[in-house]
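Analysis of the macromolecular model
Chain by chain, the residues:
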Amino acid sequence: MTVLIKGGTVVNADRSFAADVLCVDGRIETVAQKLDAPKGAKVVDAGGRFVMPGGIDPHTHMQLPFMGTVASDDFYSGTAAGLAGGTTMIIDFVIPNPQQNIMEAYRQWREWAQKSVADYTFHVAITWWDETVAKDMETLVRDHGVNSFKHFMAYKGAIMADDEILVNSFSKALELGAIVTVHAENGELVYRLQQKIFDMGIRGPEGHPLSRPPEVEGEAANRAIRIAEVLGVPIYVVHVSSRQSLESITRARNEGQRVFGEVLAGHLLIDDSVYRNKDFESAAAHVMSPPFRPAEHQDALWRGLQSGNLQTTATDHCCFCAEQKAAGKEDFRLIPNGTAGIENRMEVLWHHGVNTGRMTMNEFVQVTSTNAAQIFNLFPRKGSISAGADADIVVWDPDRSKTISAKTHFQNIDFNIFEGMTVKGCASHTISRGKVVYADGKLDVERGAGRYVDRPPFASYYSALKRQAQLKKPSAVKR
Ligand code: URQ
Ligand code: ZN
Ligand code: ZN
């Protein structure tokens, strides 16, 4: 398959320049001006639009079994919806039940993901600990291209990792040259506050944010960052939703610690007033953790992105339809936690980020694709329009407007948290693995076309660390 994207402006994280892009057999072969179309090539006339690296969503949960149900977007429908919005790769999560064999869970998720229509890979969650877990982490890094391990500090009684698990897993991850990631909420505090709020007679969705105040997130983020600091392992904080959590990240980064932060498109644009909607379905549809926050947290998060203290944007795409959310009709603690977003992440960020002048289009590429590729060791195979990279590309039309709605989106969910939002700037064409899979509003995807992407460990980081440790030894210092 040969595709030539002609007449566009290539926008990479570092620079923008006029060039044609020739894709052959799934890879970018040539990026240069005035390229001729090889015989039989499909030509996409970019007509001056922007040709950018396909988006990478580093945080999704396709068909996740969770809170007694299963997320309604699966690896087929969810990755297809992503392509319609310009996202060409996801990093999803293998989440073993406590005491479940890690490799068994990994094989289960690999099987589920076979139907993906775009490329994918997995963070693996460490939800329990014994020496077999350590061995399985080693197997995953050595033989399966996993270089990131997730830890849920929330969800007591389910998948919550306590400090003992954090310390054991973080230590093992460092030894393996892997990065650790955390869902940073203090699960013990959440559990206690949920009980208190419920006992006060607050049973509706408005109880959800009350049981997870920003301080609960700030405490856990700080604790995880400090544990990572003492152990010397790089750490990535997912779905940073509060000023408190961002302050912990900023402090650590200012002191030279290797800490990264992710922000969700939803947390940048939606505030906690959604939980006070009298309509249960609407309020429950917004129940996710950490919850949407009061408006001042959005300002802090935008500044976090602009200052470089937050490096990636994601969606935490984890869909539950109204009938699933209704499980918590009488008890907010039973509402399945999760919202959608994979289809709209890039366009809402462009509209509220680039069109407002908060970020340049190169910074947009950084936070929607390149930074995630670099942090998770996928670059420059992913996150770059350059010869040799995978042909995962989005042709972006800055002049095209659309109004977001569940009535028209591809996501398999009956609600859209951005319902009614009109954005200017969206994908006109998406190319995945060198094939045009989305053009002018229509998907042309193939079930199973997506491939699992290996991510090597950060051996270079690890060996540098070892050298550093040796230098610190008294004997190593030359008198
Ligand atoms: O916590 C997560 O990231 C998963 C379980 C999705 N749900 C959510 O509310 N964020
Ligand atoms: Zn989470
Ligand atoms: Zn998540």
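With that out of the way, let us pick up the coordination of the zinc ion (ligand 2). Listed as protein donors to the zinc ion (ligand 2) are H183 (ND1) and H239 (NE2); their distances from the metal cover 2.1 Å. Metal-centred angles of 57 to 144 degrees between the four donor atoms at the zinc ion (ligand 2) mark the site as irregular. Between the zinc ion (ligand 2) and the zinc ion (ligand 3) the interatomic distance amounts to 3.5 Å. Taken together, the positions of H183 in strand β12 (residues 179-183) and H239 in the loop between β13 (235-237) and α8 (243-254) put the pair 56 residues apart, joining distant regions of the chain. Note on H183: relative accessible area 1%, which makes it buried. Since its relative accessible area comes to 2%, H239 is described here as buried.

It is worth spelling out the packing of helix α13 (residues 345-354) against helix α14 (residues 361-375) at this point. At a minimum axis distance of 11 Å, the contact between α13 and α14 shows a crossing angle of 145 degrees. The chirality of how α13 crosses α14 is right-handed. Across the interface between the two elements, R345, M346, L349, W350 and V354 of α13 pack against M361, F364, V367 and T368 of α14.

Under the defined criterion, the tally for this structure stands at 14 aromatic pairs. A centroid spacing of 5.7 Å and a plane angle of 50 degrees characterise the contact between F364 and W396, whose relative ring orientation is tilted. Placement of the pair is F364 in helix α14 and W396 in strand β16 (residues 393-403), with a sequence separation of 32 residues. No difference in accessibility class separates F364 from W396, as the two residues are buried. Clustering of aromatic rings is evident, with ring pairs tying together F75, Y106, Y120, F122 and Y452. We note R15 situated over the ring of F17; from NZ or CZ to the ring centre the distance is 4.0 Å. Positioned above the aromatic ring of F198, the side-chain terminus of R333 is 3.9 Å from the ring centre.

Residues in close proximity to ligand 1 total 13 residues, the closest being Y155, H183, S289, D316 and N337. Side-chain polar atom of D316 to a nitrogen atom of ligand 1: 2.6 Å apart, as the coordinates give it. Within the contact set of ligand 1, a nitrogen atom lies 3.0 Å away from a backbone nitrogen or oxygen of N337. Its free accessible area being 280 Å², ligand 1 has 100% of it covered by the protein chains. If you map ligand 1 onto the pockets, it falls in the largest cavity. A breakdown of the residues in the shell around ligand 1 according to their chemical character gives five nonpolar, seven polar and one charged.

Conventions we followed
- Residues numbered from 1 in each chain as written.
- Chains lettered and ligands numbered in written order.
- Predicted model: local features only at pLDDT ≥ 70, side-chain atom pairs only at ≥ 80, totals over all residues.
- Heavy atoms only, no water.
- Donors = N, O, S within 2.8 Å, 3.2 Å for Na, K, Ca; no water.
- Tetrahedral: all angles 85-135°; square planar, octahedral: opposite > 155°, others 65-115°.
- Helix = DSSP H or I, 4+ residues; strand = E, 2+ residues; numbered from the N terminus.
- Buried < 20%, exposed > 50% of the residue type's maximum accessible area, 1.4 Å probe, protein only.
- Axes fitted to C-alpha atoms, helices over the stretch in contact; angles between N-to-C directions.
- Left-handed = near helix turned anticlockwise from the far one by under 90°.
- Contact = heavy atoms within 4.5 Å.
- Phe/Tyr/Trp six-rings, centres within 6.5 Å; stacked < 30°, edge-to-face > 60°.
- Lys NZ or Arg CZ within 6 Å of the ring centre and 35° of its normal.
- Near = heavy atom within 4 Å.
- Polar contact = N/O pair within 3.5 Å; in protein donor to acceptor, adjacent residues only side chain to side chain.
- Areas by Shrake-Rupley, 256 points an atom, 1.4 Å probe, with all protein chains shown as cover.
- 1 Å grid on protein atoms, 1.4 Å probe; cavity = no way out; pocket = protein on both sides within 12 Å on 5 of 7 lines; lining within 4 Å.
- Sits in = over half its atoms within 2 Å of the grid points.
- Nonpolar A, V, L, I, M, F, W, Y, C, P; charged D, E, K, R; others polar.

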